[in-house]
Amino acid sequence: MNVILIVVDCLRSDHLGINGYKRDTTPNIDGLAKNGVIFPNCMATIPRTTPSVASILTGLYPHSHGIRELYTDRLKPSVSTLQEILKSHGYKTSGHSIDIRNSGLEKGFDSFNPLSWKIINKIRRSMIKAVKWKHKEGTGKALTNFAVKKINEAKGKNFFLYLHYVDAHWPYDVEHPYSKMFDKEYTGEHIFMNLKKIRRSDLIFRNNLSQKEITHAISHYDGALRYIDFQIGRIISHLEKKKLIDETLIIVTSDHGESLGEHNIYFSHGDYAYDAELKVPLIFSKKILPDSRYDFQVQSTDIMPTILDILKMPLIDKIDGKSLVKCAEKSEWRKLSYAEGGISYFKDNSRHYIDGIKGKWRMIRSNEWKLICIPHPENSIFELYNIKEDPDETKNMIDAEKEKADALKAGLQAWMRNEKSDGNEPDLTEKSKKLLRSLGYMD
């Protein structure tokens, strides 16, 4: 069976049509879920792309696979990746992503194409500008073209494709008609395109936009999702044309979510440990389980072992994830999930008190309760939420539910003891800083 693993950057689970969202953002993804299996409560291990993708491809938490941040860490040499295992079983393996370059995650791919689409797009944008065309080609189109090419090149051999769509990443800039699909009455330019007037940290932490502009920005995010969904539809159509759809497993998930105003955090991700930035969908296009929807929480570390279990391939190493197929068979669903936040590179972030790894937020989550630990030089700050009754995490129950808080604190502390971190600030090169600024993670 062929395998296509699609990671949609910044895809919030609650913005899928199949999960009840008000807009028709994801008809093709919804179709995959209806014909297969969806896990709407999948928890990322960290709301940063490279370490999160590493967890997807290795089944390990960041402190286990060694990548804790962007552009500074590399995968531990001893860690095996999904693509390495598939390659050892005769698969042609191809990857296409922007944020996992030079991280060690390239290993195991017969071909890995991190930058060519960006270069091609830059050339095409210049040509479009020269002839005064109105619209540029989205990166998603170039990525889909890459996927179609690799499917054609497989020529009857089993293939594994890793595809990472970045168009829903801030500043949510997509081509017509998707740019105004959900906000046709808005007449001004996309607010994030005039970046010189908006200081990134002011936008994230203090939000100086009007409600009209906020609504417009969210419609741009939703338009980006619809654009990506259209591209995924192109892949599905091509598989159908090639008569490969029945023998191809498609998995759709995300590296992390996106804060769109929750907890007064706007159009950002990475620093915190709230569900807006951690909860993502997980969809398998095949009926791998009896039911089509499972609301138990799962984690992105479970993706790799589940794929291998479906393909009847053994794991090489001990990992943190578990096969969802085996969980269903034994009724042993994940009772707890864990995650860490990213290092904050904004000096204006008043909720980060310690530099480096030791300053990261951590969280532990059951299907009903969630505890967040915020490191502080004097005493760590804890927040406790009943996510079953308060899914938006608005009411901190830390004082009212001491017994539950203490139990979760013990579990989180046990998990954190495995980190063995020195707590040092990553050594950022000027190139790394430039990349962080371009993605909106640093002023």
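The rules we used
Residues numbered from 1 in each chain as written. Predicted model: local features only at pLDDT ≥ 70, side-chain atom pairs only at ≥ 80, totals over all residues. Heavy atoms only, no water. Helix = DSSP H or I, 4+ residues; strand = E, 2+ residues; numbered from the N terminus. Buried < 20%, exposed > 50% of the residue type's maximum accessible area, 1.4 Å probe, protein only. Areas by Shrake-Rupley, 256 points an atom, 1.4 Å probe, with all protein chains shown as cover. Core = buried A, V, L, I, M, F, W, Y, C linked by side-chain atoms within 4.5 Å. Contact = heavy atoms within 4.5 Å. Pairing = 2+ DSSP bridges. Axes fitted to C-alpha atoms, helices over the stretch in contact; angles between N-to-C directions. Polar contact = N/O pair within 3.5 Å; in protein donor to acceptor, adjacent residues only side chain to side chain. pLDDT = per-residue confidence, 0-100. Parallel < 35°, antiparallel > 145°, perpendicular 65-115°, else oblique. Nonpolar A, V, L, I, M, F, W, Y, C, P; charged D, E, K, R; others polar. Left-handed = near helix turned anticlockwise from the far one by under 90°. Salt bridge = Lys/Arg side-chain N within 4 Å of Asp/Glu carboxyl O.

### Description of the overall build of the chain
Part 1: A tally of helices and strands in the chain yields 13 helices and 14 strands.
Part 2: Taking all 443 residues of the chain together, 60% fall into the buried category.
Part 3: If you sum the accessible surface of the chain, you get close to 19000 Å²; carbon and sulfur atoms cover 49% of it.

### Here's the deal with the nonpolar core
Part 1: One finds Ile4, Ile6, Leu163, Phe192, Ile232 and Phe267 to be the most contacted residues of the largest nonpolar core, which totals 49 residues.
Part 2: Within the residue set of this core, elements represented by two or more residues are strand 1 (2-8), helix 1 (27-35), helix 6 (139-154), strand 5 (159-165), helix 8 (211-241), strand 6 (248-253) and strand 8 (266-268).
Part 3: Here this core takes 12 residues from helix 8, the largest share from any one element.
Part 4: Aside from chain neighbours lying at most four places away, what touches phenylalanine 192 is Trp170, Pro171, Tyr172, Ile198, Leu203, Leu209, Ala217 and Phe267.
Part 5: With 43 residues, the next largest nonpolar core counts Ala54, Phe160, Leu308 and Met313 among its residues.

### Let's talk about the sheet that holds strand 4 (residues 111-112)
Part 1: Reading across the sheet, the eight strands line up as 4-3-5-1-6-9-2-10 and stay open at both edges, with mixed pairing between neighbours. Looking at which strands have only one partner, the edges of the open sheet turn out to be strand 4 and strand 10 (298-299).
Part 2: Note: strand 1 against strand 5, six bridges, orientation parallel. Paired with leucine 5 across the two strands is tyrosine 162, which belongs to strand 5.
Part 3: Together, strand 2 (37-43), strand 6 and strand 9 (279-284) form the strand contacts of helix 1, whose direction differs from that of strand 9 by roughly 60°.

### Some words on the pairing of strand 14 (residues 381-386)
Part 1: Burial analysis of strand 14 places five of its six residues in the buried class, the great majority of the element.
Part 2: Here strand 13 (residues 369-374) runs beside strand 14; their pairing, made up of six bridges, is antiparallel. Residue pairing in the sheet places isoleucine 374 in a bridge with isoleucine 381 of strand 14.
Part 3: Between strand 13 and strand 14, which pair antiparallel one after the other, the connecting turn spans six residues.

### Comments concerning the side chain of asparagine 386
Part 1: When you line up the elements, asparagine 386 lands in strand 14.
Part 2: Reaching out from asparagine 386, the side chain makes a polar contact with the backbone nitrogen of lysine 388 at a distance of 3.2 Å.
Part 3: Ignoring any residue separated from it by four or fewer positions in sequence, one finds asparagine 386 in contact with Glu368, Trp369 and Pro391.

### What to know about the environment of leucine 11
Part 1: On the secondary structure map, leucine 11 appears in the loop between strand 1 and helix 1.
Part 2: For the pair leucine 11 and histidine 169, spaced 158 residues apart in sequence, the C-alpha separation works out to 8.8 Å.
Part 3: Contacts of leucine 11, omitting those with residues within four sequence positions, involve Leu16, Tyr221, Leu225, Thr253, Ser254, His256, Gly257, Lys279, Val280 and Pro281.

### Section: the confidence of the model for the chain
Part 1: Within the chain, residue pLDDT values average 88, and 88% of them lie at 70 or more.
Part 2: Contacts from residues 119-136, a stretch scored under 50 in pLDDT, to residues over four places away or in other chains number 12 contacts.

### Some thoughts on the packing of helix 1 against helix 8
Part 1: Contact pair helix 1 / helix 8: the axes reach a minimum separation of 7 Å and the direction vectors enclose 55°. Compared by their axis directions, helix 1 and helix 8 come out oblique. Only Arg226, Asp229, Phe230, Ile232, Gly233 and Ile236 of helix 8 make contact with helix 1, whose side of the interface consists of Pro27, Asn28, Ile29 and Leu32.
Part 2: In the contact of helix 1 with helix 8, the residues fall into six nonpolar, two polar and two charged.

### Quick word on the sheet that holds strand 13
Part 1: Read across the open sheet, the four strands follow the order 11-12-13-14; overall the sheet is antiparallel. Two strands bound the open sheet, and with one partner strand each, they are strand 11 (337-340) and strand 14. Direction aside, neighbouring strands of the sheet carry axes that sit 15° apart on average.
Part 2: Here strand 11 runs beside strand 12 (residues 362-365); their pairing, made up of four bridges, is antiparallel. Within strand 12, the residue paired with glutamate 340 across the bridge is arginine 362.
Part 3: Sheet contacts for helix 12 (residues 402-416): strand 11, strand 12, strand 13 and strand 14; angle to strand 13, the most-contacted strand, approximately 60°.

### Concerning the packing of helix 6 against helix 8
Part 1: Two numbers describe how helix 6 lies on helix 8: the axes approach to 9 Å, and their chain directions differ by 15°. Here helix 8 runs roughly parallel to helix 6, going by the angle between their axes. Handedness of the crossing formed by helix 6 with helix 8: right-handed. Of helix 8, the residues touching helix 6 (which contributes Thr139, Gly140, Lys141, Thr144, Asn145, Ala147, Val148, Ile151 and Asn152) are Tyr227, Gln231, Arg234, Ile235, His238 and Leu239.

### A closer look at the pattern of salt bridges
Part 1: Counted under the stated rule, the structure contains 25 salt bridges.
Part 2: Glutamate 262 serves as the salt-bridge partner of arginine 12, at 2.9 Å between the closest nitrogen and oxygen. Note that arginine 12 is positioned in the loop between strand 1 and helix 1 and glutamate 262 in the loop between strand 7 (259-260) and strand 8, a separation of 250 residues in sequence.
Part 3: Classification of arginine 12 as buried rests on a relative accessible area of 6%.

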